[in-house]
Amino acid sequence: MRYAPPGLCVNDFALLRDEDGTYAVLHLQGPWTAEFDHLRMETSFGRATSTDLVDWQPQGPVFGNGLPGRFDQQAVWTMHPVRHGAGMAMFYTGVSGLTPGGWPLQSVGLAHSDRTDGTGWRRHGTGPVVEADPRWYRTGEKMAWRDPFVVRDDETDGWAMVVCASDASLPVEVSGCVALATSDDLEHWTVHPPLISPGDVDELECPVLERLDDGSWLLLGSIGATRGFEAWTAPRLRGPWTRRGPLGPTGSYAPRVIPAPDGSRVVLHTTPRQVGLTDTGERCRGMLAQPKALVVQGDSAPRLEWWPGLDAWLGEETDQPALHAVGDIGISGPVDITLRTDGPDGGRSALAVGCDGKNLWITGQDGISLGETILTEPATALRILTIGEYVEVYADNVFALTTLCYSGHPVPWTAVTEGHACAVPVRPIRLPDPHRDDASAVWPGPSPR
């Protein structure tokens, strides 16, 4: 249900779909560590394939650092492949080294492939194809010029690229912006002023552009400070852009949009893990989470909903304990739902979801807060998903909250409202590879006493 390559963590990624319907994910990858060194550990792109966006099979690395002396000699970061001719062109972030102050020097390079399955890449020359223009963007210390995303320009016959950048006119701590560049041939690029510069964002990472059915545009951007992602919409690529607010809650990051097998648009994103698989472990890069349905209707803000394609992975309802499960409950007043306790046969709550209408929260052992959010409208129903340590909550079918919890033993879910307790039936989740046994396996629950 989630994916990472054997023994490694996943970071930013890109999605492809071949003519035969096979999906491929290209992703940054690195080892588990509390002190993640992205200059030495994110040095290759992994690849996995799937037919349904849920069951991913690792296929090994497909791209790595450039030779010594090149712009990408130190690290290769976020990529975006696009169809070009009979094959593909892939834009990617290259890191050449560090500034005197220890900041990564970033630029965007290009690679080509005669294939469409995400393999067979060869570099276009030895240097980058587009770099930050100091007229508008910070260069050197505290610079940003990474995470390229390329689409057809809606005003010309050429191409448009958006890039995570740093607005040189703003203080560093609020300079996160989305840069714009254009090209006629994918090789020669003209850099323009920022497409979006909110003025209150530290980093606006992994920008994604999606052309909607009515010809308008959706832009998704990951916010460094909140570790979630937000949405913007515009009638044309050049704007004006309207900020629509958070789309993915804290803990969901680096989204990508792709058509699902059923033809609907879905969003996949990354989710973190914690070193040592304990609640006290430092957060680190993690795994690719399961898809969510992307819903954009009229003037309403975009939202992520439960994707029906996941239903095929759910079993029949039961009142038995299940570590990997989905449960639904209608609410008409304050409710507290216990999912795990500190003992296998009951005891104190070790994982619970609560809601009093507009306030939604998750608590762990001893009532410690693991996450909370304020809903835009009072909820009438909750859907809760747990896969190992990973927890998601949907309020009235909209993705609203997520967290990690490595504590407790699964027990029958129980909801308490107005002093009355009732059982919450759950549907167990069938994992694509339940026997997997490496560092990237889904957390199997607490060790037996």
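Residues numbered from 1 in each chain as written. Predicted model: local features only at pLDDT ≥ 70, side-chain atom pairs only at ≥ 80, totals over all residues. Heavy atoms only, no water.

**Some words on the environment of Tyr-92**
Counting through the fold element by element, Tyr-92 comes out in strand 6 (residues 87-98). On a C-alpha basis, the gap between Tyr-92 and Ile-368 in space is 40 Å, while along the polypeptide they are 276 residues apart. A polar atom in the side chain of Tyr-92 sits 2.7 Å from the side chain of Asp-72. (Helix = DSSP H or I, 4+ residues; strand = E, 2+ residues; numbered from the N terminus. Polar contact = N/O pair within 3.5 Å; in protein donor to acceptor, adjacent residues only side chain to side chain.)

**Examining the state of the cysteines**
The final tally for this structure, using the stated rule, is zero disulfides. Summary of cysteine pairing: Cys-9 is not part of a disulfide, and the nearest cysteine sulfur, belonging to Cys-284, is at 4.0 Å. Cys-9 gets classed as buried once you look at its relative accessible area, which sits at 2%. Here Cys-206 stays unpaired: no disulfide links it, and the sulfur of Cys-164, its closest cysteine neighbor, is 7.5 Å away. (Disulfide = S-S within 2.5 Å. Buried < 20%, exposed > 50% of the residue type's maximum accessible area, 1.4 Å probe, protein only.)

**Re the sheet that holds strand 24 (residues 349-355)**
Strand order in the open sheet made by the six strands is 26-25-24-23-30-31, with antiparallel pairing throughout. Every interior strand has two partners, whereas the edge strands, strand 26 (369-374) and strand 31 (420-423), have only one. This sheet shows a mean twist of 20° between the axes of neighbouring strands, independent of strand direction. Summarising the sheet, strand 24 and strand 25 (residues 359-363) pair through four bridges and their orientation is antiparallel. If you follow Ala-352 over to strand 25, its bridge partner there is Thr-363. (Pairing = 2+ DSSP bridges. Axes fitted to C-alpha atoms, helices over the stretch in contact; angles between N-to-C directions.)

**Thoughts on the nonpolar core**
In terms of nonpolar packing, the biggest core is built from 64 residues, with Trp-56, Leu-209, Trp-241 and Leu-268 touching the most fellow members. Counting residues per element, this core draws most heavily on strand 14 (residues 217-223), at five residues. Apart from the residues within four sequence positions on either side, Leu-268 is in contact with Phe-13, Leu-15, Leu-53, Trp-56, Ala-254, Pro-255, Arg-256, Ile-258, Leu-288, Ala-289 and Pro-291. By size, the runner-up hydrophobic cluster in this structure holds 26 residues, among which are Ala-322, Val-353, Val-391 and Cys-405. (Core = buried A, V, L, I, M, F, W, Y, C linked by side-chain atoms within 4.5 Å. Contact = heavy atoms within 4.5 Å.)

**Digging into the side chain of Ser-175**
As for its position among the elements, Ser-175 is in the loop between strand 10 (159-166) and strand 11 (176-183). Residue class for Ser-175 comes out buried when judged on its relative accessible area of 2%. One polar contact links Ser-175 to Arg-138, side chain to side chain, over a distance of 3.2 Å. Only 2.9 Å separates the side chain of Ser-175 from the backbone oxygen of Val-172, close enough to count as a polar contact. Apart from residues lying up to four places away in sequence, Ser-175 is in contact with Arg-138, Ala-165, Ser-166, Asp-167, Leu-170, Val-201 and Asp-202.

Just geometry here; none of it tells us what the structure is for.
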